[in-house]
Amino acid sequence: MASQAKGAPQKSGIIGWPVSHSRSPLLHTYWMQKHNIQASYERCPVNPADDFRAALEAMAQDGFVGANVTIPHKETAFAAMDSRTEAAQKLGAVNTIVMREGRLLGANTDGEGFIASLEAGAADPDWRQKPALVLGAGGAARAILAALEQAGVGDIRLVNRTRARAEALAPSFGQALSVGDWQAREDLAKDCGLLVNTTSLGMQGAPALDMGLQNLADGAVVTDIVYTPLETDLLARARASGFVAIDGLGMLMHQAAASFEMWFGVRPQVDAVLRALLVEDLA
Ligand code: NAP
C-alpha cells in the first residue's frame with residue numbers, strides 16, 4: 001500500500017455510513033488546536049457496498065495518518081487490517097486505524113475509554129473488588145466486558161433481553177463471566193459495586209430502563225453509556241439514591257483520547273471545557 005510523502009499536511013477522520021451525526025470531529029479538532037497539531041479531522045462516508053480496503057488505501061495516499069471507524073464498518077475494518085492490537089483481536093472489531101509506512105494497524109479503544117471514564121468519575125475504585133452487572137449484549141457490551149475482565153473484576157454478571165445473544169458472547173470470556181435472565185436483573189444486582197447499562201433503553205425515543213436499584217452495594221457506581229439524553233432516568237434515580245452516577249460522555253471522550261494518541265503521539269486531556277462543548281453540541 002502506498003503512503004503519502006513526508007512533510008505533507010496530516011489528515012485524520014471518521015469512517016462510517018452515515019457519519020453526519022458523529023461528535024468525533026468536535027473532539028479531535030479541539031485537541032488539535034490545544035496541542036497545536038497541524039492536521040484535519042474529516043467525516044469520511046464509506047458506502048458498505050464499496051471496497052473497504054481500497055477506500056483506506058486511497059485515504060492513506062491522500063495524507064491520512066489514521067481514522068476512527070463507526071457503524072457499520074467495525075468488523076469489516078477488522079478484516080481489512082495488516083495487523084491488530086490485542087484489544088482489537090479480542091473483540092474482532094476495530095474503532096481506530098493507524099495508517100503508517102504503507103501498513104494498516106487496527107485498534108479498539110472502546111474498552112480502554114470505558115475504564116478511563118470510570119476511573120475519572122469514581123474516586124473510590126472499590127467497584128473493582130465487587131461483582132459487576134452488565135445489561136445488554138450488543139457491540140458496546142463486548143468491549144466493556146473485555147475491559148472489566150482485564151481490569152480484574154472477578155464476578156461479571158451479564159443479562160440481555162435476548163438471552164441467546166449473551167450466551168453467544170460467553171465463550172470469548174473466562175470464568176469471571178456468567179449469564180443470567182433479563183427478568184432476574186434486580187436479583188443479580190445484589191451486592192454489585194458496578195451496574196452498566198449498555199442497552200439502548202433510556203435513549204431518546206426509547207423506553208426507560210425498568211429496574212430497581214435497591215440491591216446494589218452501598219456506594220455502587222451506576223454508569224449508562226447512552227448519552228442522548230445525558231442524564232437518563234437510570235442515572236437520575238441512581239444519583240437520587242446516593243450512588244455514583246457516570247454518564248456516557250466519559251467513555252466517548254476517553255476512547256477518542258486513546259485514538260488521538262495513536263495518531264499524533266500526544267495523550268490529550270479530557271477536560272471540563274471539552275465536556276461543556278459536547279454538552280452544548282448535544283443540546
Ligand atoms: P447494539 O449492538 O444494537 O445493542 C443494543 C442492545 O440493547 C442489545 O443488547 C439489545 O438487546 C438491547 N435492547 C434494545 N432494545 C431493548 C429493549 N426494549 N429492552 C431490552 N433491551 C433492549 O448497540 P450498541 O452498539 O451496543 O450500543 C448500545 C448503546 O450504547 C447505544 O445507545 C449507543 O449509542 C451507546 N454507545 C455509547 C458509546 C459511548 O462512547 N458512550 C459507545 C458505543 C455505544 P437484544 O439483543 O435483545 O436486542
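To keep things clear, this report deals only with the structure shown in the data block. What you are looking at is a predicted structure, and each value in this text was computed from that prediction instead of being measured.

Parameters and conventions
- Every chain's residues receive numbers from 1 upward, in the order its sequence appears when written.
- Local features in this predicted model are restricted to residues of pLDDT 70 or higher, and side-chain atom pairs are both shown and tallied only at a pLDDT of 80 or more, whereas totals for entire chains, interfaces and linings draw on every residue.
- Side-chain descriptors were evaluated using all non-hydrogen atoms of the structure, hydrogens and water having been removed beforehand.
- Only DSSP runs of H or I covering at least 4 residues are called helices, and only runs of E covering at least 2 are called strands; the numbering of each starts at the N terminus.
- Among buried residues, the Ala, Val, Leu, Ile, Met, Phe, Trp, Tyr and Cys ones that are joined through side-chain atoms within 4.5 Å form a nonpolar core.
- Residue exposure (1.4 Å probe, protein chains only): buried if accessible area is under 20% of the type maximum, exposed if over 50%, otherwise partly exposed.
- Start and end positions for the domains come from either an automated domain assignment or a database one.
- Contacts are assigned to residue pairs with any non-hydrogen atoms lying within 4.5 Å of each other.

Turning our attention to unusual backbone geometry. Between I71 and the following residue, P72, the backbone shows a cis peptide bond with an omega angle of 5 degrees. Within the element layout of this structure, P72 appears in the loop between strand 3 (64-69) and helix 3 (74-80). That bond from T228 to P229 is cis: its omega, 5 degrees, falls within 30 degrees of zero. Relative to the assigned elements, P229 resides in the loop between strand 11 (221-224) and helix 9 (233-240). The backbone of E101 shows a phi angle near 50 degrees, a positive value even though the residue is not glycine. Its place among the elements puts E101 in the loop between strand 5 (96-100) and strand 6 (103-107). Phi angles above zero are rare outside glycine, and D191 is one such case at about 70 degrees.

The next point concerns the nonpolar core. Counting 32 residues, the largest nonpolar core has F114, W127, L145, L148, I156, L158 and L194 as its most contacted members. Going through the elements one at a time, helix 5 (110-121), strand 7 (132-135), helix 6 (139-150), strand 8 (156-160), helix 7 (163-169), strand 9 (177-181) and strand 10 (194-197) are the ones with two or more residues in this core. Ranked by residue count, the leading element in this core is helix 6, at 6 residues. Counting the residues that make up this core, at least three belong to each of domain 1 (10-108 + 251-282) and domain 2 (112-247). Beyond its immediate chain neighbours, meaning those up to four positions away, L148 contacts F114, I115, W127, A132, V134, V153, I156 and L194. Listed in part, the 21 residues of the second largest apolar core include M32, I37, A257 and L274.

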